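Notes for the structure review
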Amino acid sequence: MDALPEEGAGKGVVCAFGKNLKTLRLRAGLDREEFGRRIGYAASTVASYEQGRRIPSPRTIDRADEAVGADGLLSNWKEEMEKAQYPGFFQGMAQLEKEAIELLAYDTLVVKGLLQTEEYMRALLGMRRPPLDPEIIEQRVAARQARQNIFDRRPAPLLGFVMDESVLRRPYGGKGVLRGQLEQILLFGQKRNVEIQVMPLDCGESAGVDGPFTVVTREDGKKFVYAEAQGTSALETAPKQAALSAARYGIIRSQALTPRESTEFIEGVLGSL
């Protein structure tokens with residue numbers, strides 16, 4: 001699926017790729033129409049790639065590389081082009097999600113992006129102020145949906161989500177959207193590598209008073225902590241801080257309802273809608 005580049009560094013990468021694509025196409029003696037036929041797209045789509053207005057899919061990049069005889073010069077751009085579809089502040093975390101053997105998230109305001117339905121995504125993105133352009137909303141929805149491949153990856157990473165009860169009760173987009181979102185949370189919770197827990201509002205203490213965060217562990221054992229607010233983010237790489245955050249998450253997990261209790265709780269909220 002093609003994507004739109006985010007502004008900033010990502011936009012620059014996409015434009016640079018487009019210039020390289022055009023140079024190699026011309027060197028191969030192909031006009032846009034002929035080149036488009038070889039990769040399965042119209043000349044207007046080729047123009048959008050070359051002008052940095054759209055991001056071709058990894059498969060399309062490989063086809064383009066073969067069509068112009070680039071010997072990997074274009075295919076080598078695939079990783080950077082994939083990053084370009086995410087906001088700059090999230091690109092590092094998007095890469096870590098792909099490498100994670102364990103991901104633990106605590107959320108207090110909205111359902112974690114990895115768990116969101118398309119309708120819930122659109123509702124949240126539509127509430128942003130200043131408003132996002134419709135094209136950017138479409139791109140972020142597509143990128144967020146692509147991240148959910150983490151649930152089907154093999155070997156399966158260990159995934160844990162603790163969320164405040166208030167997250168489950170905010171009807172962003174309306175009760176119908178919330179109903180569908182709660183149903184999806186329950187479906188994800190049935191996977192053997194996923195644990196979902198609820199921090200009830202009547203809990204007298206919580207180690208999560210400083211707000212939402214995510215702890216990611218890579219295959220090499222290194223841990224990272226990610227926190228996001230108001231369009232900015234922090235990705236902590238210091239071993240001490242990562243270890244402390246992981247320990248904090250363990251306390252939060254112990255204070256929350258168990259996964260089984262949480263399933264029953266979410267089913268109760270769903271039944272009340």
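Described in the following lines is the structure provided in the data block.

**Quick notes on the overall build of the protein**
The number of helices and strands found in the protein is 12 helices and 6 strands. Taken over the C-alpha atoms alone, the protein extends approximately 70 × 40 × 35 Å along its principal axes. Relative to its 273 residues, the protein shows a buried fraction of 45%. Looking at the protein alone, contacts between residues at least 24 apart form 71% of all its contacts between residues at least 6 apart.

**Comments concerning the pattern of salt bridges**
Applying the stated criterion to the full structure yields 13 salt bridges. Two residues, Glu97 and Arg147, come together in a salt bridge whose shortest N-O distance is 2.8 Å. Placement of the pair is Glu97 in helix 6 (residues 91-99) and Arg147 in helix 8 (residues 134-147), with a sequence separation of 50 residues. The shortest N-O distance in the salt bridge between Glu138 and Arg122 comes to 2.6 Å.

**Overview of the packing of helix 2 (residues 32-39) against helix 4 (residues 58-68)**
In the contact formed by helix 2 and helix 4, the axes pass within 9 Å of each other and the chain directions differ by 125°. When the axes of helix 2 and helix 4 are compared, the pair comes out oblique. Once helix 2 is placed against helix 4, the crossing between them reads as right-handed. Here Phe35, Arg38 and Ile39 of helix 2 lie close against helix 4, whose contacting residues are Thr60, Arg63, Ala64, Ala67 and Val68. Among the residues making up the contact of helix 2 with helix 4, the classes are represented as 5 nonpolar, 1 polar and 2 charged.

**Some remarks on the nonpolar core**
Membership of the largest hydrophobic core comes to 37 residues, with the highest contact counts inside it found for Leu103, Phe151, Phe161 and Ile196. Those residues within four positions of Phe151 in sequence are excluded, and the remaining contacts are Leu114, Leu115, Leu159, Phe161, Phe188, Lys191 and Val194.

**Quick look at the pairing of strand 6 (residues 232-236)**
Bridging between strand 5 (residues 223-229) and strand 6 involves 5 bridges; their strand directions are antiparallel. Bridge pairing in strand 6 places Tyr226 opposite Leu235. Between strand 5 and strand 6, which follow one another and run antiparallel, lie 2 residues, and Gln230 among them has a positive phi close to 50°.

**Some thoughts on the sheet that holds strand 3 (residues 194-199)**
Spatial ordering of the open sheet is given by 3-2-1-4-5-6, a layout of 6 strands whose pairing is mixed. Edge strands, defined here as strands with exactly one partner in the open sheet, are strand 3 and strand 6. Each adjacent strand pair in this sheet contributes to an overall mean axis angle of 15°, direction not counted. Across the sheet, helix 6 touches strand 1 (100-107), strand 4 (213-218), strand 5 and strand 6, and the angle it forms with strand 1 is around 125°.

**Looking at unusual backbone geometry**
Working note: non-glycine residues mostly have negative phi, and peptide bonds are mostly trans. Cis geometry marks the peptide bond from Arg129 to Pro130; its omega dihedral reads 0°. Unlike most non-glycine residues, Asp71 shows phi in positive territory, near 55°. Mapped onto the elements of the fold, Asp71 is located in the loop between helix 4 and helix 5 (78-83).

**Brief notes about helix 7 (residues 118-126)**
Taken residue by residue, helix 7 has Tyr120, Met121, Ala123, Leu124 and Leu125 as its buried positions. Check the buried side of helix 7 and you find it contacts helix 8 and helix 10 (175-189).

**Remarks on the environment of Arg253**
Position of Arg253 relative to the elements: it lies in helix 11 (residues 239-255). The class for Arg253 is partly exposed, based on a relative accessible area of 30%. Separated by 92 residues in sequence, Arg253 and Phe161 place their C-alpha atoms 8.9 Å apart. In this view, Arg253 contacts Leu104, Gly160, Val162, Glu195 and Gln197; residues no more than four positions away in its chain are not counted.

**Some words on the side chain of Gln181**
The residue Gln181 is located in helix 10 in this model. One polar contact links the side chain of Gln181 to the main-chain carbonyl oxygen of Leu115, over a distance of 2.8 Å. In this structure, Gln181 is in contact with Val111, Leu115, Gln116, Thr117 and Tyr120, ignoring residues within four places of it in sequence.

Reading the values: the criteria
- Residues numbered from 1 in each chain as written.
- Predicted model: local features only at pLDDT ≥ 70, side-chain atom pairs only at ≥ 80, totals over all residues.
- Heavy atoms only, no water.
- Helix = DSSP H or I, 4+ residues; strand = E, 2+ residues; numbered from the N terminus.
- Buried < 20%, exposed > 50% of the residue type's maximum accessible area, 1.4 Å probe, protein only.
- Contact = heavy atoms within 4.5 Å.
- Salt bridge = Lys/Arg side-chain N within 4 Å of Asp/Glu carboxyl O.
- Axes fitted to C-alpha atoms, helices over the stretch in contact; angles between N-to-C directions.
- Parallel < 35°, antiparallel > 145°, perpendicular 65-115°, else oblique.
- Left-handed = near helix turned anticlockwise from the far one by under 90°.
- Nonpolar A, V, L, I, M, F, W, Y, C, P; charged D, E, K, R; others polar.
- Core = buried A, V, L, I, M, F, W, Y, C linked by side-chain atoms within 4.5 Å.
- Pairing = 2+ DSSP bridges.
- Polar contact = N/O pair within 3.5 Å; in protein donor to acceptor, adjacent residues only side chain to side chain.

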